[in-house]
Amino acid sequence: MKEQTSGKHVKIGKVISNKMDKTVVVSTTTITQHPRFKKIIKKITKFYAHDEKNACQINDQVKIMETRPLSKLKRWRVVEVIK
């Protein structure tokens, strides 16, 4: 089954909080190399994502997709729960 993304960004991350109603906080990890010192740097970014069915639990791995602004902080929505 091929999924239409229509040019939107898709990320995979881990749910770190689900205490809000219909909202989860998803953290993603990016590993990059420092341009001058060549040290490997791990950067953790938190995204607020819309979870319509309140289906996500803490430590779930989810796929999120960029969407229109839903509130002050929410710019992503949960597409599916992977694990």
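Here, every reference points to the structure presented above.
The rules behind these values
Residues numbered from 1 in each chain as written. Predicted model: local features only at pLDDT ≥ 70, side-chain atom pairs only at ≥ 80, totals over all residues. Heavy atoms only, no water. Helix = DSSP H or I, 4+ residues; strand = E, 2+ residues; numbered from the N terminus. Buried < 20%, exposed > 50% of the residue type's maximum accessible area, 1.4 Å probe, protein only. Contact = heavy atoms within 4.5 Å. Salt bridge = Lys/Arg side-chain N within 4 Å of Asp/Glu carboxyl O. Core = buried A, V, L, I, M, F, W, Y, C linked by side-chain atoms within 4.5 Å.

Visitor: Mind showing me how you'd approach the overall build of the chain here?
Guide: Scanning the chain for helices and strands turns up 0 helices and 5 strands. Written out in order from the N terminus, the α and β elements of the chain read β-β-β-β-β. With respect to the principal axes defined by its C-alpha atoms, the chain has extents near 45 × 30 × 30 Å. Within the span of the chain, comprising 83 residues, buried residues form 27% of the whole. A sequence separation of at least 24 residues applies to 48% of the contacts in the chain between residues at least 6 apart.

Visitor: Even after reading the chapter, I still don't get unusual backbone geometry, so can you show me in this structure?
Guide: Most of the time, phi is negative for any residue but glycine, and the peptide bond is trans. A positive phi is found at Asn54, a non-glycine position, where the angle reads about 50°. Relative to the helices and strands, Asn54 resides in the loop between β3 (40–50) and β4 (61–66). With relative accessibility at 39%, the residue Asn54 sits in the partly exposed group. Despite not being glycine, Asn59 shows a phi value in the positive range, around 75°. Structurally, the position occupied by Asn59 is in the loop between β3 and β4. With relative accessibility at 53%, the residue Asn59 sits in the exposed group.

Visitor: Where do I start with the pattern of salt bridges in this structure?
Guide: Two side chains that carry opposite charge are able to pair once their charged atoms sit near each other. A complete count under the given rule lists 2 salt bridges for this structure. Ionic pairing is found between Lys22 and Glu52, a salt bridge with its closest N-O pair at 3.2 Å. Here Lys22, found in the loop between β1 (10–17) and β2 (23–33), pairs with Glu52, found in the loop between β3 and β4; they are 30 residues apart in sequence, far enough to count as distant. Between Glu80 and Lys63 there is a salt bridge whose closest N-O contact spans 3.4 Å. Of this pair, Glu80 sits in strand β5 (residues 76–81) while Lys63 sits in strand β4, and the two are 17 residues apart along the sequence. Take Glu80: its relative accessible area is 35%, and that puts it in the partly exposed class. Classification of Lys63 by relative accessible area gives buried; the value is 18%.

Visitor: How do you make sense of the nonpolar core when you look at a structure like this?
Guide: In globular proteins that are soluble, nonpolar side chains generally tend to be buried together. Val15, Val24, Val26, Phe47, Ala49, Cys56, Val62, Ile64, Trp76 and Val78 together form the largest nonpolar core, which totals 10 residues. Within the residue set of this core, elements represented by two or more residues are β2, β3, β4 and β5. When near neighbours in sequence (up to four residues on either side) are disregarded, Val78 contacts Val24, Ala49, His50, Asp51, Cys56, Val62, Lys63 and Ile64.

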